[in-house]
Amino acid sequence: MVNALIIDYSSANLSGFSGAPSAGQLAEVKGILDSNGVLIALTVEADDELGSEDADQVEIEGFVTHIISSSMFNLGNQKINITGMTRFEGGMASDLVLGARLEVEGYLVAGTVFAEEISFADNVVLESDAATVDHAAGTFTLLNLPGVVVATDSLTEISGGISSFSDLQPGYHVKIIGRTSASGEVIALELDGADSSDPKVIVQGPVDALSDPYIVILDVAIDTTGVPDGAFAGVDEAPTKRDSFFGSVIPGNIVRASGEVAFNAGVVWEEIVLEDDD
């Protein structure tokens, strides 16, 4: 266990340890969060990258495992301190929650990293036509992706055929790169809008649940019945068969589903890919 995060390393490849990992030992863990919030480790590598000596510049990436206070948290075993000079990229201090994936740059003093910049991971990709737009709230929904609410803020980069969020109208085709929030909304880090419609639909994000032929991503139930074997792919987009795909993917994995809207038939899903979210 790393603070509040339970890690199952029983089947992981261990590297750099003289025996089993011990309490207080710094390690780099790569794995997959299961539906119970347990990190199933694929690799565990002893990591003394930060060391015990002070350093003017350090960089660390990982998951938030413990919230100590409004200005202190743990990224894995590493204590991170937020100062009045800390810059946030893709989010803000209030978005720091258990399990959030971050990259932190700063300096090391007495074993604590004083963060100069904290960047949030962006593993959500959406593409569809806008359905409803609330300019006052800065939110919108998407056709053919029911239940998904996208929120914009002052950090959202807007491009394409719109120059500001106020230009976005229902029916405009949008592409979003973002992340999930504690409230369940998708926070848009990048919003590309076109003042026309397009049949293309993409949803990429963490899997909520799956049972062949259905896979649920961001509360969107995707029926893969019409997707042929050759259109399923694993990490690095290596083709795989349907049964292998559903047998290897678990809740928490990042999966991308792509398709197009067919007249009077909703979305016809064409490709399902397991993304590498390391």
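Here the residue numbering is sequential within each chain, running from 1 through the sequence in written order. Local features in this predicted model are restricted to residues of pLDDT 70 or higher, and side-chain atom pairs are both shown and tallied only at a pLDDT of 80 or more, whereas totals for entire chains, interfaces and linings draw on every residue. Hydrogen atoms and water are omitted, and side-chain values are computed over all heavy atoms in the structure.

Visitor: What is the right way to look at the overall build of the protein in this model?
Guide: The helix count covers DSSP runs of H or I at least four residues long, the strand count covers runs of E at least two residues long, and both are numbered beginning at the N terminus. A count of helices and strands for the protein gives 1 helix and 22 strands. By definition, residues are in contact when any of their heavy atoms lie within 4.5 Å. The long-range share in the protein, meaning contacts at least 24 apart out of those at least 6 apart in sequence, stands at 59%. Reported accessibility uses the Shrake-Rupley method at a 1.4 Å probe radius. Residues are deemed covered only where the shown protein chains occlude them. If you sum the accessible surface of the protein, you get close to 14000 Å²; carbon and sulfur atoms cover 49% of it.

Visitor: Any chance you could explain the pattern of salt bridges here in plain terms?
Guide: The salt bridge definition used is simple: a Lys or Arg side-chain nitrogen within 4 Å of an Asp or Glu carboxyl oxygen. Counting across every chain of the model gives 4 salt bridges. Residue Glu 117 is joined to Arg 87 by a salt bridge in which the shortest nitrogen-to-oxygen separation is 3.4 Å. Placement of Glu 117 in strand β9 (residues 112-120) and of Arg 87 in strand β7 (residues 78-89) is noted, with a sequence separation of 30 residues between them. Note that Arg 256 and Glu 271 form a salt bridge whose closest N and O atoms lie 3.7 Å from each other. Placement of the pair is Arg 256 in strand β21 (residues 254-262) and Glu 271 in strand β22 (residues 266-274), with a sequence separation of 15 residues. You can call Glu 271 partly exposed: its relative accessible area is 31%. Through salt bridges with shared partners, a single network forms among Arg 256, Glu 271 and Glu 275. Burial here depends on accessible area, computed with a 1.4 Å probe over protein chains only, as a share of the maximum for the residue type. Under 20% is buried, over 50% is exposed, and the range in between is partly exposed.

Visitor: Looking at this structure, how should I read the environment of Phe 263?
Guide: Along the chain, Phe 263 turns up in the loop between β21 and β22. Residue class for Phe 263 comes out exposed when judged on its relative accessible area of 76%. The sequence separation of Phe 263 and Pro 199 amounts to 64 residues, and the corresponding C-alpha distance is 9.5 Å.

Visitor: When you look at the packing of aromatic side chains in this model, what are you seeing that I'm missing?
Guide: A ring pair, where both rings are aromatic, is described by two values, the distance of the centres and the angle of the planes. Pairing of aromatic side chains here covers Phe, Tyr and the six-membered ring of Trp, requires ring centres within 6.5 Å, and sorts the geometry by plane angle: under 30 degrees stacked, over 60 edge-to-face, intermediate tilted. Scanning all chains against the criterion turns up 5 aromatic pairs. Here the aromatic rings of Phe 245 and Phe 246 are separated by 5.7 Å at their centres, their planes lie at 80°, and the arrangement is edge-to-face. Pair check on accessibility: Phe 245 and Phe 246 agree, each one buried. Taken together, the ring pairs in this structure connect Phe 232, Phe 245 and Phe 246 into an aromatic cluster.

Visitor: Just checking my understanding: could you explain the sheet that holds β9 for this structure?
Guide: Pairing between the strands of a sheet comes from backbone hydrogen bonds, and it takes one of two forms, parallel or antiparallel. By definition, two strands form a pair when at least two bridges between them are found by DSSP. Taken in spatial order, the 5 strands of this closed barrel run β5-β6-β7-β9-β8, and their pairing is mixed. Direction aside, neighbouring strands of the sheet carry axes that sit 55° apart on average. Sheet topology note: the strand β6 (residues 72-75)/β7 ladder contains 4 bridges and is antiparallel. Following the sheet pairing, Leu 75 is matched in β7 by Gln 78. Axis definition: a line fitted to C-alpha atoms, limited for helices to the stretch in contact. Angles are taken between N-to-C directions and run from 0 to 180 degrees.

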